[in-house]
Amino acid sequence: MKALLKKKWWIIISTIVAIVLSFVFTMDRAKLYVSNAQMSTGFTINDDIKLRDENNVNLFEADVKFNNVVETINSPTVISLLSYQLLIHDLTSPKPFRFLTEKDRRTPEYLQFNRVAGLQLARHKLDSLQMLTSYQPEERKLLEYMKLCKYDYESIRKRLNVGRLQRTDYIDMSFGSENPELSAFVVNTLYFEFTRYYRSMRSERSVENVGTFEALVNQKKTELDQKIDALRNYKSSEGLLNVEAASGNELGLISQLEKALLDEKATYNNLSSSLQSVNEQLAQMNQGRAVYDNNNAEIVALRKQLNQSNDEYQRGGSSDPALADKIKTQRAQLQRLMSSSSVATGKTVSKDELLQKKASLEADIKASTLNIGSLQNKIGSLRGSVGSYANKEATVSTLQKEVDLAQEEYNKLKEKLNTALDSRIAPPDDFRQTLKGQPAFKPESSKRIIIMGMAGASVFLLTTLGVLFMEFFDNSMKSPSVFERHVDLKLISTINHADLNKYSIPEVLQKQISDDDASRRRQNTFRELLRKLRYEVESSNKSIFLFTSTESQQGKTTLVQALAYSLSLSNKRVLIIDTNFCNNDLTVALQAKPTLETFSMAPEEVSIEKVREIVTTYSVDGIEVIGCKGGDYTPSEILPRNHLLNYLPQLKGYYDFVLLEGAPLNDYTDSKELVHYVEGVIAIFSSRVSLKQNDKESIQFLQSMNGKLLGAVLNNVNDDFLEL
């Protein structure tokens, strides 16, 4: 707060200047007429009829689409199309939007511009959706003329604002200019040119997609045809139209033949039994026994029918199931008849009849044996073919899978091609202008008061923060509390700033130097603080003091003079000795004779009279000074053997206080050598400096002086930080 109060006029003046400048800068500000237009995008709403099923709206994708549309509207291409429209309007309309001033008409851009060629070029670029390039001389001239009319990209973008209305499906476009009709024309034309450019680009992408998909579809169709031909050629080479059907037919035929084989074996067994019966009858006849006839005629007739059916069945490839059932029925009847043939009918049978019957049965058995062999051969052949069908079926299955995979890829690409074709037929977008820009009736507010207020508040805050920032990073020992936090030394006094350049020390301490209240208060404060320092010196019971500092320009010379004068006011005799050889400002300020380096006195000759012979009397009673020549040397190097400093205790009989000024501790060793000659040391620190590392080392030396250090004085403190 003290820092802010100290710099309050800087803050106030800066704020006032900012307000005045903002007022001046907004005086000639042109009135702006703003027009707004809105367009819906359809990114978040699916109200249209779709050709195919589509997923629900993805809000993230919709947000990306909004950003893409806004960037496209603000793109140089769309703004260039708008610029062409504005230029064409001004060149062809009897009521242009902007009139060039006389100054603009004298510029080279206007004088070198060909209106007819420029108009033709602008229309050509507008129709072809192209931008101008500065590499072509004619196009560069058109660009320069458009910039002169403020129809260039930068001029339009400065006053154009395009953005999405939050949480809606709308995009807002606003433009401000000095002409209300111009503002309305810009936002409406901007929507038209954007949709024209957007749909053109989308149409080009659709054509590219259709072409790409058509090429891929044709490629996949060729691959599919090749695989189908490979499958067909393999089947044709193997004589197979359908491997699975052929294999199924073969297995069915094998089953039928196996059934026929079983039936034929049964027939063979029946014939063998009948032959055995005939052989037994012949044996009986050979033994002289009579053999009676049975139903042999019927058996012979039935066997004849069976033989005919069997021959017909074999000629048909043994594949007629009806004929097979018929043969089975005939064989069953034949078996029954032959089983009952043992029943005598009363008629004897001759040997010739039995032999004939035997021969017939043997022929049937032979035929049955041939049938059995034939059936067995066919079954073996079919079983071998079924094994080859298994290998062929695996090959056909592999080829069929390749065909199915190629068919699936072809169908997917065909679907994408149809989608691309549909996108060319369906509307390319859902952009609709929901609000058309209208010329504004009145201009926008200049907002001068708001601008002035914001300028003043901004400068006020910046100046305040700057002061606080400087104060926060100010490491100087500006107040006693700051000094005590950083320096571990006893602070015996604080001296405020006094205008000693304009007034002498006696004038400051004794006279009223100004009628100004602030100066008078500062003078009184300086006087009282110096009295406190005088009290500390007088109450220390010491008489010989060395005034030193860590750095130069700390105010030692001024403070020694002021303290000596203050002591003289209390009727004390004070001797000032300038022992600061590196900088003898004290000798120069008091105009003292430089006798310290040359004075020498034997111990037995010590007397006040001899010392007073080399002193310089000050203008104030009670103060005497011994000066030095000064140079680049230390006390031990320049002072003679029996120099004055050896006899300082003897001088206490005449002088109440002896004050010595030493060189800075950081740069010189003078003060360290002088410590041995004094009773007390007072360290002077200026409030305007910050502590450094070598300062800390000098402070450690002061702390190690074994009681000689009286304390520290914080000098030249600003009145705001005195902390009284």
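Predicted model only: the values in this text are computed from it and were never measured. (Residues numbered from 1 in each chain as written. Predicted model: local features only at pLDDT ≥ 70, side-chain atom pairs only at ≥ 80, totals over all residues. Heavy atoms only, no water.)

**Side note on the sheet that holds strand β3 (residues 170–177)**
Then, in step 1: The strand order β2-β3-β1-β4 describes an open sheet built from 4 strands, whose pairing is antiparallel. Unpaired on one side and paired on the other, β2 (160–164) and β4 (432–435) mark the two borders of the sheet. Each neighbouring strand pair of the sheet contributes to a mean axis angle of 25°, computed without reference to strand direction.
Then, in step 2: Of the pairings in the sheet, the one linking strand β1 (residues 33–40) to β3 comprises 8 bridges and is antiparallel in character. In the strand pairing of β3, valine 34 is matched with glycine 176. (Pairing = 2+ DSSP bridges. Helix = DSSP H or I, 4+ residues; strand = E, 2+ residues; numbered from the N terminus. Axes fitted to C-alpha atoms, helices over the stretch in contact; angles between N-to-C directions.)

**Considerations on the pattern of salt bridges**
Then, in step 1: Inspection of every chain in the model, using the stated rule, returns 13 salt bridges.
Then, in step 2: One salt bridge connects arginine 159 with glutamate 178, and the closest N-O pair in it is separated by 3.3 Å. A residue pair is termed long-range when its members are at least 10 positions apart, and arginine 159 in helix α9 (residues 153–159) and glutamate 178 in the loop between β3 and α10 (180–238) qualify at 19 residues.
Then, in step 3: With a relative accessible area of 35%, arginine 159 lands in the partly exposed category.
Then, in step 4: Of the residues examined, glutamate 178 reaches a relative accessible area of 35% and is grouped as partly exposed.
Then, in step 5: For arginine 531, the salt bridge identified is with glutamate 528, shortest N-O distance 2.7 Å. Taken as a pair, arginine 531 and glutamate 528 lie in helix α18 (residues 517–538) at a separation of 3 residues, close to a single helical turn.
Then, in step 6: With relative accessibility at 37%, the residue arginine 531 sits in the partly exposed group. (Salt bridge = Lys/Arg side-chain N within 4 Å of Asp/Glu carboxyl O. Buried < 20%, exposed > 50% of the residue type's maximum accessible area, 1.4 Å probe, protein only.)

**Topic: the packing of aromatic side chains**
Then, in step 1: Scanning all chains against the criterion turns up 10 aromatic pairs.
Then, in step 2: A centroid spacing of 3.9 Å and a plane angle of 5° characterise the contact between phenylalanine 113 and tyrosine 145, whose relative ring orientation is stacked. With phenylalanine 113 in the loop between α6 (108–111) and α7 (115–128) and tyrosine 145 in helix α8 (residues 137–148), the pair connects residues that are 32 residues apart, well separated along the chain.
Then, in step 3: Given a relative accessible area of 5%, tyrosine 145 falls into the buried group.
Then, in step 4: When the centroid spacing of 5.6 Å and the interplanar angle of 50° are considered together, the rings of phenylalanine 581 and tyrosine 633 count as tilted. Here the residue phenylalanine 581 occupies a position in the loop between β7 (574–578) and α20 (585–590), and tyrosine 633 occupies one in the loop between β9 (623–626) and α22 (635–638), the gap between them amounting to 52 residues. (Phe/Tyr/Trp six-rings, centres within 6.5 Å; stacked < 30°, edge-to-face > 60°.)

**So, the sheet that holds β9**
Strand-to-strand pairing in sheets goes through backbone hydrogen bonds, with the strands running parallel or antiparallel.
Then, in step 1: One open sheet holds the 8 strands; their spatial order is β5-β12-β11-β6-β10-β7-β9-β8, and the pairing between them is mixed. Two strands close off the open sheet at either side, each with one partner strand: β5 (491–496) and β8 (616–617).
Then, in step 2: Two elements, strand β6 (residues 544–549) and strand β10 (residues 657–661), share 4 bridges in a ladder whose sense is parallel. When the sheet's bridge partners are listed, phenylalanine 547 is paired in β10 with glutamate 661.
Then, in step 3: Helix-sheet contacts for helix α19 (residues 556–569) involve β5, β6, β7, β9, β10, β11 (680–686) and β12 (709–717), and the interaxial angle to β10 is about 170°. (Contact = heavy atoms within 4.5 Å.)

**Brief notes about the pairing of β3**
Then, in step 1: Burial within β3 is extensive, with 7 of its 8 residues counted as buried.
Then, in step 2: Bridge count for β2 against β3 is 5 bridges, and the pairing is antiparallel. Of the residues in β3, the one forming a bridge with asparagine 161 is serine 174.
Then, in step 3: Counting the residues in the hairpin turn of β2 and β3 gives 5 residues, including arginine 167, whose phi is positive at 60°.

**Regarding the layout of surface pockets**
Then, in step 1: Roughly 700 Å³ of internal volume is contained in the second largest pocket.
Then, in step 2: Considering the residues around the second largest pocket, the lining is formed by 33 residues, among which Leu500, Gly555, Lys556, Thr557 and Thr558 are closest to the centre.
Then, in step 3: Among the elements of the structure, β5, α17 (505–510), α19, α20 and β12 are those that each provide at least two residues to the lining of the second largest pocket.
Then, in step 4: Here the lining of the second largest pocket gets 5 residues from one element, more than from any other, and that element is α19.
Then, in step 5: Its residues placed into classes, the lining of the second largest pocket shows 13 nonpolar, 16 polar and 4 charged. (1 Å grid on protein atoms, 1.4 Å probe; cavity = no way out; pocket = protein on both sides within 12 Å on 5 of 7 lines; lining within 4 Å. Points joined across faces, edges and corners; volume = space filled by probe spheres on them. Nonpolar A, V, L, I, M, F, W, Y, C, P; charged D, E, K, R; others polar.)

**Notes on unusual backbone geometry**
Then, in step 1: The phi angle at lysine 150 is positive, at roughly 60°, despite the residue not being glycine.
Then, in step 2: With a relative accessible area of 51%, lysine 150 lands in the exposed category.
Then, in step 3: Positive phi is not limited to glycine here, since asparagine 541 has a value of about 60°.
Then, in step 4: For asparagine 541, a relative accessible area of 75% translates into the label exposed.

**Some points on the pairing of β10**
Then, in step 1: Taking burial as the measure, the 5 residues of β10 include 5 buried ones, the bulk of the element.
Then, in step 2: Here β10 shows a buried face lined by Phe657, Leu659 and Glu661 and a second buried face lined by Val658 and Leu660.
Then, in step 3: By the bridge criterion, 5 bridges tie β7 to β10 in an arrangement that is parallel. By the bridge assignment for β10, leucine 575 is matched with valine 658.

**Let's talk about the packing of helix α4 (residues 76–92) against α8**
Then, in step 1: It is the contact of α4 with α8, at a shortest axis distance of 11 Å, that shows an interaxial angle of 80°. In terms of their interaxial angle, α4 and α8 are classed as roughly perpendicular. Listed contacts from α8 to Ser83, Tyr84, Leu87 and Leu91 of α4 are Leu142, Tyr145 and Met146.
Then, in step 2: Taken together, the residues of the contact of α4 with α8 sort by class into 6 nonpolar, 1 polar and no charged. (Parallel < 35°, antiparallel > 145°, perpendicular 65-115°, else oblique.)

**Considerations on a nonpolar patch on the surface**
Then, in step 1: On the surface, a cluster of nonpolar side chains totalling about 1100 Å² of accessible area is made up of Trp9, Ile12, Ile13, Ile16, Val17, Val20, Leu21, Phe23, Val24, Phe25 and Met27.
Then, in step 2: Following the sequence through the fold, leucine 21 ends up in helix α2 (residues 8–25). (Patch = residues over 30% accessible without salt bridge, like charges linked within 9 Å, V, L, I, M, F, W, Y side chains within 5 Å. Areas by Shrake-Rupley, 256 points an atom, 1.4 Å probe, with all protein chains shown as cover.)

**Considerations on the environment of leucine 645**
Then, in step 1: Looking at the secondary structure, you find leucine 645 in the loop between α22 and α23 (648–651).
Then, in step 2: When its relative accessible area of 2% is taken as the criterion, leucine 645 is described as buried.
Then, in step 3: Distance from leucine 645 to serine 600, taken between C-alpha atoms, is 9.8 Å for residues 45 residues apart in sequence.
Then, in step 4: Ignoring sequence-local partners within four residues, the contact set of leucine 645 consists of Thr579, Leu639, Leu660, Leu674 and Tyr677.

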